[in-house]
Number of protein chains: 2
Amino acid sequence: MTEVEPLDVGALADVAGPRVRGLLARVEERLLELSSSAGPVLGRYARGTIAAGGKRLRPLLVLIAAGPTEPDADAGLVRAAVAVELVHGATLVHDDVLDAATLRRGQPTVAAAAGRDVALATGDLLFARAFAELSGGGSAAQVKVLSEASSALARGELMQRHDAFDPTVTVERYLARCELKTARLFEAACALGALAANGDGDGDVAALTAFGRSVGLAFQILDDVLDVTGPAERTGKRPGTDLLDGTVTLPFILARERDPQLAALDPRTITTPERAAEICALIAASGALQRSRERALEQVEAAKSRLPDRLDGGRRHALELVADGVVSRYA
Amino acid sequence: MTEVEPLDVGALADVAGPRVRGLLARVEERLLELSSSAGPVLGRYARGTIAAGGKRLRPLLVLIAAGPTEPDADAGLVRAAVAVELVHGATLVHDDVLDAATLRRGQPTVAAAAGRDVALATGDLLFARAFAELSGGGSAAQVKVLSEASSALARGELMQRHDAFDPTVTVERYLARCELKTARLFEAACALGALAANGDGDGDVAALTAFGRSVGLAFQILDDVLDVTGPAERTGKRPGTDLLDGTVTLPFILARERDPQLAALDPRTITTPERAAEICALIAASGALQRSRERALEQVEAAKSRLPDRLDGGRRHALELVADGVVSRYA
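In what follows, the accompanying structure is described. Quick caveat, the model's predicted, so the values are computed rather than measured.

## A look at the overall build of chain A
Move 1: Scanning chain A from N- to C-terminus turns up 17 helices and two strands.
Move 2: Out of the 331 residues in chain A, the part that is buried amounts to 57%.
Move 3: In chain A, the share of contacts with a sequence separation of at least 24, taken over all contacts with a separation of at least 6, comes to 76%.

Pasting the structure below:
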């Protein structure tokens, strides 16, 4: 997954209110603490991964989705937000092993800096820590949500490997993969927040989960657009990385429907960054990027429509801003 | 970690009683079910990993440690036993990626059969499924136990990478690594069983955890002895694999204290199976294997001494047999 410039999380937190901003600061502090207590060797890499930025979009969703809670629920909420970010961090570290990526957030990846072996174990550690963190305050329902999202992430990764370099991947299959690889963790973030606030069985859990799913799909689609358009200095990697990895994404699928030259192309023949850049230009010329952006915007609208009527104004506004934010990057 | 021929789990289960045997059969069934429901691609590999044998030593410890429980606790007990085996399976799959191992339990490893990428994601999936399984019936205390053991496993793996090819590794540091890499999951198995039976705070949890730790250390020490002695047709890999990987183990550490030729050896110069076999012969000739076996037996005695007085006879006998069993392999 491409990691692009942060949404303006500070502004979002402002809309959500001083309480969310305060909780987000506690999340940040805890992530730093966890990475510092991981031992000297690991600490360096864990810190580089989980404490070196990132949009904190998933923790923010946890905190906003929870809405107003009793002060004694705050610790559990922070734990849930930290846990979801740790799972996200674990998948980034493992993704970079799989993709042999050298840069992440403008910094060398763990895989590049310390080798694939250390990266594999570092990802495992972050993953285990996520559940340790959640178990400190979480309910069994929360552990179930996060573990099932984590299963989905791994299944999505396997699906991506299975489909690599296969130009016949359909839009439906692409969306199914996005759901597993990305949307489920957004869903989980919203559900964890809602569960922290309300316990099990509240109607908000289902509605906010559906919201998270659509936001996650929009996020992934736009991510895949950005892989074609760049700019490299902001996405932190060269355009066309997905093409070189054999990852068939929506822009490429839609472009193949529009451009016979692309339809005839064997993805395995894209082996150099220069060739990938040429294909990116063809995808852009086909109009597929515009159509992909529209699909992302449709998901944003779907997300907003899922927000329960009874949400208070500030919470609704903050969630709508998150939804808008994931597709307005570099618009 | 070497996977050697099963202990006679059937015999152990007999000693523990028909109830444990019945629960173990349910664990087996659930592991098969989970690997079959993982989707066609993954299913093949997950099945090859978690449903294709293994000693089921950790599930057995969960079940025996629990002792007599109410029938309505059985489902939670089976879940805990399955979860601990899934974590174990996940680490085996990832270990095989790190070690580039080609054989496991006499079968091709996931890494060898499907590539490192698929193996990485398969391990992640097994790991996530473990927590999903546990959350279905587990308490937050159980999730905490399993997640902290999982953190320890990853930290042990990182420690092993860090110390690779370093001949100055001390016995203490070796034991610290064994504790992280192996003993903590044995501890967790015992603790999960005790927690399933008694809830939190029972004195048995601490005593059985200490028992599990010593059994785990004994297990790992003997595993490391078997890596030197073979026989390959029973351990499923050639002797000296640890030497080739740069993993400095107790037999090598003790042999270096006894044989100046080994003390002067740079482990990085051991690059062929033939050379590794020569070094194994020198280690054997030094008497270090015997001393290592004694250290393992000391751990077994320590384990037995930790068993609470109030354990009923059948349960005590079964646990003692497990402790004896881990060091009597090929004795």
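## Concerning the environment of Thr122(A)
Move 1: With respect to the secondary-structure elements, Thr122(A) resides in helix α7 (residues 116–137).
Move 2: When the C-alpha atoms of Thr122(A) and Val93(A) are compared, they prove to be 7.4 Å apart, with 29 residues separating the residues in sequence.

## Brief notes about the relation of the copies chain B and chain A
Move 1: Rotating chain B by 180 degrees about the axis while translating it 0.0 Å along that axis superimposes it on chain A, leaving an RMSD of 0.0 Å. On this basis, the relationship between the two copies can be described by a two-fold rotation axis. The position closest to the rotation axis in chain B is occupied by the C-alpha of Ala140(B), lying 3.2 Å away.
Move 2: An overlap of 100% is found between the interface residues of chain B and their copies at the interface of chain A, pointing to a shared contact surface.

## Structural notes on the packing of helix α5 (residues 74–99) of chain A against helix α7 (residues 116–137) of chain B
For any two helices packed against each other, the geometry is given by the interaxial angle and the distance between the axes.
Move 1: Close contact between α5(A) and α7(B) brings their axes to 9 Å; oriented N to C, the two are set at 160 degrees. Classified by the angle between their axes, α5(A) and α7(B) sit roughly antiparallel to one another. Here α5(A) and α7(B) pass one another in a crossing that is left-handed. Where α5(A) approaches α7(B), its residues His94(A), Val97(A) and Leu98(A) are matched on the opposing element by Asp117(B), Leu120(B) and Asp124(B).
Move 2: Within the contact of α5(A) with α7(B), the residues separate by chemical class into three nonpolar, one polar and two charged.

## What about the interface of chain B and chain A?
Move 1: Listed per partner, the contact involves 33 residues of chain B and 33 residues of chain A.
Move 2: Of all the secondary structure elements, the ones that give two or more residues to the side of chain B that touches chain A are α3 (40–50), α5 (74–99), α7 and α8 (140–163) of chain B.
Move 3: In terms of residue class, the side of chain B that touches chain A is made up of 16 nonpolar, nine polar and eight charged.

## A few points about helix α4 (residues 57–66) of chain B
Residues and elements named next belong to chain B.
Move 1: Burial runs high along α4: 10 of the 10 residues are buried.
Move 2: Among the residues of α4, those classed as buried are Leu57, Arg58, Pro59, Leu60, Leu61, Val62, Leu63, Ile64, Ala65 and Ala66.
Move 3: Backbone geometry just downstream of α4 places Gly67 in the positive-phi region, at approximately 65 degrees.

## Considerations on the packing of α7(B) against α8(B)
Residue and element names in this part refer to chain B.
Move 1: The interhelical angle for the contact between α7 and α8, taken along N-to-C directions, is 160 degrees, at an axis separation of 9 Å. On the basis of their axis angle, the class for α7 and α8 is roughly antiparallel. For the element pair α7 and α8, the recorded crossing hand is right-handed. Residues Ala130, Phe131, Leu134 and Ser135 of α7 touch α8, and the partners they reach there are Gln142, Val143 and Leu146.
Move 2: A per-class count over the contact of α7 with α8 returns five nonpolar, two polar and no charged.

## Quick word on the environment of Ala323(B)
Residue and element names in this part refer to chain B.
Move 1: Locating Ala323 in the fold gives a position in helix α17 (residues 313–328).
Move 2: Under the C-beta neighbour-count criterion, Ala323 is labelled buried, with 25 such atoms within 10 Å.
Move 3: When the C-alpha positions of Ala323 and Leu297 are compared, they lie 9.2 Å apart, and in sequence the two are 26 residues distant.
Move 4: Discounting chain neighbours no more than four positions away, the residues touching Ala323 are Val215, Val300, Ala303 and Lys304.

Each value, and the rule that gives it
Residues numbered from 1 in each chain as written. Chains lettered and ligands numbered in written order. Predicted model: local features only at pLDDT ≥ 70, side-chain atom pairs only at ≥ 80, totals over all residues. Helix = DSSP H or I, 4+ residues; strand = E, 2+ residues; numbered from the N terminus. Buried ≥ 20, exposed ≤ 12 C-beta atoms within 10 Å, placed from the backbone. Contact = placed C-beta atoms within 7 Å. Least-squares fit on C-alpha atoms with pLDDT ≥ 70 in both. Axes fitted to C-alpha atoms, helices over the stretch in contact; angles between N-to-C directions. Parallel < 35°, antiparallel > 145°, perpendicular 65-115°, else oblique. Left-handed = near helix turned anticlockwise from the far one by under 90°. Nonpolar A, V, L, I, M, F, W, Y, C, P; charged D, E, K, R; others polar.

Structural measurements only, silent on function.
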